[in-house]
Amino acid sequence: MTSRILPGTDPQAIEQAAQALKQGKLVAIPTETVYGLGADADQDTACHAIFTAKGRPADHPLIVHISQLEAAKHYAQELPEFALKLIEAYWPGPLTLILQRKPSIADAAAGHQKTIGLRCPSHPVAQALLKAFETLGGHGIAAPSANRFGRTSPTTAQHVQDAFADLSPSPIALILDGGASDVGIESTIVDCSRSKPVLLRPGIYTPAELEATAGVPLLIHADVHVDDPKAPGTLSAHYAPKAKVRLMAAEDLKIAAGMLAAASPANNARIGIYAQHLPKVKKASHIILRQMPGNAKDAAHELFSALHDFDAQGVSLLWVETPPDGPEWIGVRDRLQRAASS
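Residues numbered from 1 in each chain as written. Predicted model: local features only at pLDDT ≥ 70, side-chain atom pairs only at ≥ 80, totals over all residues. Heavy atoms only, no water.

(A) Highlighting the sheet that holds strand β11 (residues 219–220). If you trace the 11 strands from one edge of the open sheet to the other, you get β1-β8-β2-β3-β7-β4-β6-β5-β9-β10-β11, paired in mixed fashion. The open sheet is flanked by β1 (4–7) and β11, the only strands paired with a single partner. Sheet topology note: the strand β2 (residues 26–29)/strand β3 (residues 36–40) ladder contains three bridges and is antiparallel. Its bridge partner lying in β3, A28 is registered against L37. Relative to strand β8 (residues 172–177), helix α1 (residues 11–22) is tilted by about 145°, and along the sheet it contacts β1, β2, β3, β7 (141–142) and β8. Here helix α4 (residues 81–90) sits on the sheet and contacts β5 (95–100) and β9 (188–191); the angle it forms with β5, its principal contact strand, is near 155°. (Pairing = 2+ DSSP bridges. Helix = DSSP H or I, 4+ residues; strand = E, 2+ residues; numbered from the N terminus. Contact = heavy atoms within 4.5 Å. Axes fitted to C-alpha atoms, helices over the stretch in contact; angles between N-to-C directions.)

(B) Main features of the side chain of S145. Looking at the secondary structure, you find S145 in the loop between β7 and α6 (157–163). S145 sits in the buried class, given a relative accessible area of 15%. Side chain to side chain, S145 and N147 meet in a polar contact 2.7 Å long. In this structure S145 touches V34, Y35, G36, L37, K54, S153 and P154, once residues within four positions along its chain are discounted. (Buried < 20%, exposed > 50% of the residue type's maximum accessible area, 1.4 Å probe, protein only. Polar contact = N/O pair within 3.5 Å; in protein donor to acceptor, adjacent residues only side chain to side chain.)

(C) Representation of the domain arrangement of the chain in the model. When the domains of the chain are assigned, the result is domain 1 (4–220) and domain 2 (244–341). Between the C-alpha centres of domain 1 and domain 2 the distance comes to 29 Å. Between domain 1 and domain 2, the contact holds 19 residues from the first and 14 residues from the second. Both faces considered, domain 1 and domain 2 share a buried interface measuring about 1400 Å² in area, 63% of it formed by carbon and sulfur atoms. A per-residue breakdown of the area domain 1 buries against domain 2 is headed by T152, I185 and P202, which together make up 37% of the total. In this assembly, domain 1 and domain 2 are joined by one salt bridge. Across the pair E186 and R335 runs a salt bridge whose closest N-O atoms are separated by 2.8 Å. At the boundary of domain 1 with domain 2, the tally comes to six residue pairs in polar contact (both at pLDDT 80 or more). (Domains from an automatic or database assignment. Buried area = accessible area lost by both parts, 1.4 Å probe. Salt bridge = Lys/Arg side-chain N within 4 Å of Asp/Glu carboxyl O.)

(D) Quick look at the UniProt feature "domain: YrdC-like" (unreviewed entry) in the chain. Within this numbering scheme, the UniProt entry marks residues 11–205 as carrying the feature "domain: YrdC-like" (unreviewed entry). Secondary structure over residues 11–205 splits into 30% helix and 20% strand, and the C-alpha atoms at its two ends are 33 Å apart. (UniProt positions renumbered as here; feature names shortened; annotations may be inferred.)

(E) Main features of the pattern of salt bridges. Taken as a whole and judged by the stated rule, the model has 12 salt bridges. The partner of D309 in a salt bridge is R290, with the nearest N and O atoms 2.8 Å apart. With D309 in helix α9 (residues 296–312) and R290 in strand β14 (residues 287–291), this pair connects stretches of sequence that are 19 residues apart. A relative accessible area of 31% places D309 in the partly exposed class. D334 is paired through a salt bridge with R338; the nearest N and O atoms lie 2.8 Å apart. With D334 and R338 both in helix α10 (residues 330–340) and four residues apart, the pair spans about one turn of that helix. By relative accessible area, D334 is classed as buried at 8%. Accessibility expressed as a relative area gives 14% for R338, which makes it buried. Among the charged side chains, a network of salt bridges with common partners joins E186, D334, R335 and R338.

What follows is the structure, given as structure tokens:
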């Protein structure tokens, strides 16, 4: 049986979801980035259920969602000044901070590391659920993306339901529907557990924006090698649709598409093309075309939804035009590069 989808605007659905979390059950929740598979971050058994449902390695930490800065003090040992500056500028919003964790708090959610990832989401349904959860004595909701490990992240309630439809019984008590995710890609992750901030996963904020806000130099993950904490979404292969993804320069894609249109498809294979500069090819049943937005935020918003749509149309090979090099495209480039590595 598939999980029930309930309207996130219904106060009774919010209360039901909060009660389920306190009972150690899993609840899928909307955020402004993607939908998350949530559990009480302070219940190790509940968090272990997330790892099992997703097929996620137990040492791959979860992000804990909180309603406000005050709740961070339950989990974090300290908040450096540069972390507080980032919080003031970007919370609530799509920014996760890695902080030194209080011993014996949320051990499973943290992947048994000494650090923990905290985020304050801006989505009104997520905020309503967090506040209802707090009235029941809860502190935070551990919620990685509500999909199977390594696959395309969900940006709608239907994506979540489809991702776990083959599991019976469903591991998810209920799914709160908050509409399509606004940002569309996962949060930016900045490690604030050391003397200087380190960008571990890019999102919609550029490194220059983060550095200016923090007021100290921002290091990049590739330049730091000692005692790196693990963080979600930093594996080389991730976010992949069922189709094999190949990134291509616009001119190379144009040439390849011309050859493809002239050839007969093998085994009725369908090829998807997702590009800002769509090649001009003759209409063919084995070629699925979709234009990528020319604006970085718009492209991020629809990226995972587009990948889900290509899967739904039976595409087995997906050619994607490599996004521009501008800093505003860093999050989209990161997700596509990881999808193409799978």
